[in-house]
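Notes for the structure review
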Amino acid sequence: MDNNFEIIFLTDAFEFLKSLDPKHANKILYNIRKSQQKNDPELFKKLTDDIWEFRTLFQGLQYRMLAFWDKTNNSNTLVISTHGFIKKQSKVPDNEIIKAEKQRKKYFQDKLKK
């Protein structure tokens, strides 16, 4: 089955996954792969105009990995995973969204330099 989009993990996202118990990291990656093939708001949901979240509930912990779209390349639409965290309240904290927005801005600035 074809993927609806490709994913690039930025350093913070990779480090977050590396810091987790392998079973937890594998469950997050499984859900991300699943969201590439099926549009499911339980797995991948829009938070703001630019920021989206990959959602995983595993062993009572709510994992979130924030992302944004890169539509500058016509061949594939890329989703960039900025960073991850364990959600402890009902709403995604503003500081996490701000962090993702800063990483999005930096990503596009760096891409323009290349």
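Attention here is on the structure that accompanies the text. The structure displayed is predicted, hence computed values, not measured ones.

Counted at 1.5 Å a residue, the expected span for helix H3 (residues 94-113) with its 20 residues is 28 Å, and the 29 Å between its end C-alpha atoms agrees. For H3, the complete set of buried residues consists of Glu-96, Ile-97, Ala-100, Gln-103, Tyr-107 and Phe-108. One side of H3 holds all its buried residues, which, seen down the axis, span an arc of 135 degrees. Of the exposed residues in H3, those oriented more than 90 degrees away from the buried face are Asn-95, Lys-102, Lys-105, Leu-112 and Lys-113. In this structure, the buried residues of H3 make contact with helix H1 (11-19), strand S4 (61-70) and strand S5 (78-87).

Those residues of H1 not exposed but buried are Ala-13, Phe-16 and Leu-17. Along the axis of H1, the buried residues cluster in a sector spanning 95 degrees; they form a single face. Across H1 from its buried face, at more than 90 degrees, point the exposed residues Thr-11, Lys-18 and Ser-19. As for H1, its buried residues are in contact with strand S1 (6-9), helix H2 (22-37), S4 and S5.

Parameters at a glance
- Residues numbered from 1 in each chain as written.
- Predicted model: local features only at pLDDT ≥ 70, side-chain atom pairs only at ≥ 80, totals over all residues.
- Heavy atoms only, no water.
- Helix = DSSP H or I, 4+ residues; strand = E, 2+ residues; numbered from the N terminus.
- Expected span 1.5 Å × (residues − 1).
- Buried < 20%, exposed > 50% of the residue type's maximum accessible area, 1.4 Å probe, protein only.
- Arc of directions from axis to C-beta.
- Contact = heavy atoms within 4.5 Å.

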